[in-house]
Amino acid sequence: MSEFLISITPIDWLLDPLTHDFMRRALMVSALVGGVCGLLSCYMTLKGWALMGDAVSHAVMPGVVVAYALGLPFSLGAFVFGVGSVALIGFVKQKSRIKEDTVIGLVFTGFFALGLVLVSKIKSNIDLMQILFGSPLGISRSDVNQTLIISFIVISILLIFRKDLMLYCFDAKHARSIGINTGILHYLLLTLLSLSAVVGLQTVGIILVVAMLITPGATAYLLTDRFDQMTLLAVISSSFSSVLGVYISYWSDIETGGSIVLVQTLIFLIAFLFAPRYGIFKNQSLIKND
Amino acid sequence: MNPIFKSHEKDFMRIEADQVCVDYNGTVALYDASLNLKAGSICGLVGMNGAGKSTFFKALMGFVRPSRGKIRINGIKVNQAQKEQSVAYVPQNEGIDYSFPVSVWDVVMMGRYGAMNIFRIPRESDRRAVVHALERVDLLDLRERPIGSLSGGQRKRAFLARAIAQRASVLLLDEPFSGVDVPTEKLMAELFLQFRQEGHTILISTHDLNHVRDFCDFVVLINKTVLAYGETSEVFTSENLNKTFGGIPPNPLSGPTSSKDFVNE
């Protein structure tokens, strides 16, 4: 294998996987999912919703299992449980004296455990590993269609309400005082989070999908002081790492989800160290000129 | 700026609060608070922390619903007034995430969102309003800078510019004097006088007695309800301040509360 790797040219490295139908599909889906999650990750990091992202992505587990068992589109089940978990978190927080982060941790692990129990109890051909770790290389045609539809919905809503959601993250009080319904924006953002978690788990699985929802945003945040640039950088870095991760996974036969998230984390590390203004080794002249 | 406010009559009431009560899950935060502010006035809202000052503020902004009583802004309900862009809120410096990736221009443009369509695409008139607002607070040169790179005083001016760009007739300011430098304070004094001339009504929530005396025509003293309300010179008596600050009065002449805060900033 290693001899084979050395003998191929970079062009072959890029083009050879494209001769396979399943790889073309995997690359397209990964790039798209990376873009969707990357775009949303800007709002998650700016709003401080990383834990919420973690919660929702884990809480969709029982929904996926139930949907599979009933023969429904699994995105539907995941969506219901994603939004349901958020509603439950809000309810428990409001009706008890427990702090929010505790409630979040409590609810999402409860849902996740329910999912695990359901998988072991419901007799079906659900592959637990596929749900937990994703499998873009084995994605079916109907799953591709679902991903396309959900991605289109998420991207459209994010583009239409881009400014409102940005304002909501920055200064919700001002948003309210000029007559914008921030309650709707709050639940809109949570809905988008559930939908993105659903598409994200296809490529990297439930356990790692939270990385897709925060890492690209965090990376971009270190590189710019402009919101529009931040979204662009997040989308590019996220799509790029997803595609590169799939390639690496193909050639070295490693787990795809892990490969994608590892590339993302490496890109974050580079930004963390060398970002012109906010990196550890920042460009001092840039700071002084300011 | 040419204010296009509905009424220029002298006695037109911009803020009317009538026996407003607010409680949170059974705990009374404010009761029987009444207040009438006409067009072209500057009013200080003074009270200790936890005295219901911010609750009253929130009620005026429609963030909490009074359990009793009613509030009118420009003669209409608060949420209607907000839709008409009549109410501008200038936040405390502490309440904002200054590492957010927005420029000064972006922040001031947020004042125009309510007047734009759903996509919030600025028109020429919006850009002119932003330029004009930035000129009035003397920040036009810094418009491309990230909001986080500004000083405390400049930040405050940026949010004032946002309120100006919004062309609201009622301005609600939360602790506007904390963390501002001397040039900004001078600029604010001038701006407030101009606002009053133009028929705006400004309500300032603060515990800073010195500035209230310098800036405000009227004062409302709050301790769970409106203790005293009227022209600053009449209301600012040591007896009233005693009641407001519950027996531990700040010296009304030297105002230690405010001077200490000022040094801290």
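Residues numbered from 1 in each chain as written. Chains lettered and ligands numbered in written order. Predicted model: local features only at pLDDT ≥ 70, side-chain atom pairs only at ≥ 80, totals over all residues. Heavy atoms only, no water.

*Asks:* Would you explain the packing of helix 9 (residues 141–160) of chain A against helix 12 (residues 182–223) of chain A in this entry?
*Replies:* Helices that pack against each other are described as a pair by the angle of their axes relative to one another and the distance between those axes. Residues and elements named next belong to chain A. Direction vectors running N to C along helix 9 and helix 12 enclose 150 degrees, while the axes themselves pass 10 Å from each other. Judged on the interaxial angle alone, helix 12 and helix 9 are roughly antiparallel. Judged by the sense of rotation from one axis to the other, the crossing of helix 9 with helix 12 is left-handed. Contact residues: helix 9 offers Asp-143, Thr-147, Ile-150, Ser-151, Ile-153, Val-154, Ile-157 and Leu-158, while helix 12 offers Leu-188, Leu-192, Leu-195, Ser-196, Val-198, Val-199 and Gln-202. For the contact of helix 9 with helix 12, the class distribution of residues is 10 nonpolar, four polar and one charged. (Axes fitted to C-alpha atoms, helices over the stretch in contact; angles between N-to-C directions. Helix = DSSP H or I, 4+ residues; strand = E, 2+ residues; numbered from the N terminus. Parallel < 35°, antiparallel > 145°, perpendicular 65-115°, else oblique. Left-handed = near helix turned anticlockwise from the far one by under 90°. Contact = heavy atoms within 4.5 Å. Nonpolar A, V, L, I, M, F, W, Y, C, P; charged D, E, K, R; others polar.)

*Asks:* I keep staring at empty space enclosed by the protein and nothing clicks. Help me out?
*Replies:* To locate leftover empty space, one rolls a probe as large as a water molecule over the atoms. All names here are of chain A. The final tally for this structure, using the stated rule, is two cavities of 30 Å³ or more. Here the largest cavity defines a volume of roughly 130 Å³. Lining the largest cavity we find Val-64, Tyr-68, Phe-74, Asp-127, Gln-130, Ile-131, Gly-134, Ser-135, Ile-139, Asp-143, Leu-201 and Gln-202. Elements supplying a minimum of two residues to the lining of the largest cavity: helix 5 (61–70), helix 8 (128–133) and helix 12. Counted as a void, the second largest cavity has a volume near 30 Å³. (1 Å grid on protein atoms, 1.4 Å probe; cavity = no way out; pocket = protein on both sides within 12 Å on 5 of 7 lines; lining within 4 Å. Points joined across faces, edges and corners; volume = space filled by probe spheres on them.)

*Asks:* Whenever I open this one, the environment of Ala-50 of chain A confuses me. Can you help?
*Replies:* Residues and elements named next belong to chain A. Take Ala-50: it is sitting in helix 4 (residues 50–59). Look at Ala-50 and you get partly exposed, because its relative accessible area is 33%. Sequence separation of Ala-50 and Val-210 is 160 residues, and the distance between their C-alpha atoms is 7.5 Å. Dropping the residues within four chain positions of it, Ala-50 is found in contact with Met-44, Val-210 and Ile-214. (Buried < 20%, exposed > 50% of the residue type's maximum accessible area, 1.4 Å probe, protein only.)

*Asks:* What should I look at first to understand the sheet that holds strand 6 (residues 87–90) of chain B in this one?
*Replies:* Pairing between sheet strands relies on hydrogen bonds along the backbone, with the strands arranged either parallel or antiparallel. Residue and element names in this part refer to chain B. Spatial strand order, 6-7-8-3-9-10: six strands in an open sheet with mixed pairing. In the strand order of this sheet, the two ends are held by strand 6 and strand 10 (226–231), each with one partner. Pairwise comparison of adjacent strand axes, ignoring direction, gives a mean angle of 15 degrees for this sheet. Most of the contacts of helix 1 (residues 53–60) go to strand 8 (residues 201–206), to which it runs at about 150 degrees, and overall it touches strand 3 (41–46), strand 6, strand 7 (170–174), strand 8 and strand 9 (218–222). (Pairing = 2+ DSSP bridges.)

*Asks:* Looking at this model, I keep getting lost on the packing of aromatic side chains. Mind explaining?
*Replies:* In this description, an aromatic ring pair is defined by two values, namely the gap between the centres and the angle between the planes. With the rule as written, the count across this model stands at 13 aromatic pairs over all chains. When the ring of Phe-170 of chain A is compared with that of Phe-159 of chain B, the centres are 6.3 Å apart and the planes differ by 15 degrees; the resulting orientation is stacked. Residue Phe-170 of chain A is found in helix 10 (residues 162–170), and its partner Phe-159 of chain B is found in helix 5 (residues 152–166); the two belong to separate chains. According to the relative accessible area criterion, Phe-170 of chain A is buried, its value standing at 4%. Pairwise contacts between aromatic rings join Tyr-43, Phe-170 and Phe-227 of chain A together with Tyr-98, Phe-100 and Phe-159 of chain B into one cluster. Of note, Lys-47 of chain A hangs over the ring of Tyr-168 of chain A, and the distance from its end group to the ring centre comes to 4.1 Å. Against the face of Tyr-98 of chain B rests Arg-155 of chain B, its NZ or CZ located 4.0 Å from the ring centre. (Phe/Tyr/Trp six-rings, centres within 6.5 Å; stacked < 30°, edge-to-face > 60°. Lys NZ or Arg CZ within 6 Å of the ring centre and 35° of its normal.)

*Asks:* Can you help me understand the interface of chain A and chain B in this one?
*Replies:* How large an interface is tends to be reported as the accessible area lost when its parts come together. The interface of chain A with chain B comprises 24 residues on the first partner and 31 residues on the second. Across the chain A/chain B interface, buried area totals approximately 2600 Å², and carbon plus sulfur atoms make up 59% of it. The largest share of the area that chain A buries against chain B comes from Phe-170, Ser-177 and Ile-178 of chain A, three residues that together contribute 25% of it. Applying the counting criterion to the chain A and chain B interface returns three salt bridges. Linking chain A with chain B are 11 residue pairs in polar contact (both at pLDDT 80 or more), by the criterion used here. For the side of chain A that touches chain B, the secondary-structure elements that each account for two or more residues are helix 10, helix 11 (172–177) and helix 13 (227–252) of chain A. (Buried area = accessible area lost by both parts, 1.4 Å probe. Salt bridge = Lys/Arg side-chain N within 4 Å of Asp/Glu carboxyl O. Polar contact = N/O pair within 3.5 Å; in protein donor to acceptor, adjacent residues only side chain to side chain.)

*Asks:* Before we go on, may I ask you to explain the layout of surface pockets in this structure?
*Replies:* Roughly 730 Å³ of volume is contained in the largest pocket. Lining the largest pocket we find 25 residues, and of these Arg-176 of chain A together with Gly-62, Phe-63, Arg-65 and Asn-79 of chain B sit closest to its centre. For the lining of the largest pocket, the class distribution of residues is 10 nonpolar, nine polar and six charged.

*Asks:* Teacher, can you tell me more about the confidence of the model for chain B here?
*Replies:* Regions with low pLDDT carry predicted coordinates that are not meant to be interpreted in detail. Residue and element names in this part refer to chain B. The predicted model of chain B averages 87 in pLDDT, with 89% of residues at 70 or higher. Confidence drops under pLDDT 50 across residues 251–265; counting only partners more than four residues distant or on other chains, this segment forms 23 contacts. On the interface metric, ipTM, the complex scores 0.88, and its pTM is 0.88. (pLDDT = per-residue confidence, 0-100.)

*Asks:* Please explain the pattern of salt bridges as it appears in this structure.
*Replies:* Tallied over the entire structure, the rule returns 14 salt bridges over all chains. Here Glu-175 of chain B and Lys-53 of chain B are joined by a salt bridge, their closest N and O atoms 3.6 Å apart. Taken together, the residues span a long stretch of sequence, with Glu-175 of chain B in the loop between strand 7 and helix 6 (182–198) and Lys-53 of chain B in helix 1 at a distance of 122 residues. Comparing Glu-175 of chain B with Lys-53 of chain B shows no difference in burial state: the two are buried. For Asp-217 of chain B, the salt bridge identified is with Arg-196 of chain B, shortest N-O distance 2.3 Å. Note that Asp-217 of chain B is positioned in the loop between helix 7 (209–215) and strand 9 and Arg-196 of chain B in helix 6, a separation of 21 residues in sequence. Here the salt bridges do not stand alone but share partners, grouping Asp-21, Arg-24, Arg-25 and Arg-141 of chain A into one network.

*Asks:* Looking at this structure, how should I read the state of the cysteines?
*Replies:* Cysteine pairs can be linked by a disulfide, which is a covalent bond between their two sulfur atoms. All names here are of chain B. Summed over all chains, the structure comprises zero disulfides over all chains. Cysteine Cys-21 is unpaired, with the sulfur of Cys-43 as its nearest cysteine sulfur at 19 Å. With no disulfide of its own, Cys-43 has Cys-216 as its nearest cysteine by sulfur position, at a separation of 6.7 Å. Judged by its relative accessible area of 0%, Cys-43 falls in the buried class. (Disulfide = S-S within 2.5 Å.)

*Asks:* Would you mind showing me how to read the pairing of strand 2 (residues 27–38) of chain B here?
*Replies:* For a regular strand, side chains alternate in direction, first toward one face of the sheet and then toward the other. All names here are of chain B. As paired strands, strand 1 (residues 13–24) and strand 2 are joined by eight bridges and run antiparallel to one another. Across the sheet, Ala-17 pairs through a bridge with Leu-35, a residue of strand 2. Hairpin connection, strand 1 to strand 2: the antiparallel pair is bridged by two residues, and Asn-25 has positive phi, about 45 degrees.

*Asks:* Could you clarify how one ought to interpret helix 7 (residues 100–121) of chain A in this entry?
*Replies:* Helical geometry note: an α-helix holds 3.6 residues per turn, so side chains three or four residues apart project in the same direction. Residue and element names in this part refer to chain A. End to end, helix 7 covers 32 Å across 22 residues, agreeing with the expected 32 Å (1.5 Å per residue, within 8%). Buried within helix 7 we find Val-103, Ile-104, Val-107, Phe-108, Phe-111, Phe-112, Gly-115, Leu-118 and Val-119. Angularly, the buried residues of helix 7 cover 150 degrees about the axis, an arc narrow enough to put them on a single face. Exposed and oriented more than 90 degrees from the buried face of helix 7 are Leu-106, Val-117, Ser-120 and Lys-121. Buried-residue contacts for helix 7 involve helix 4, helix 5, helix 6 (74–95), helix 8 and helix 12. (Expected span 1.5 Å × (residues − 1). Arc of directions from axis to C-beta.)

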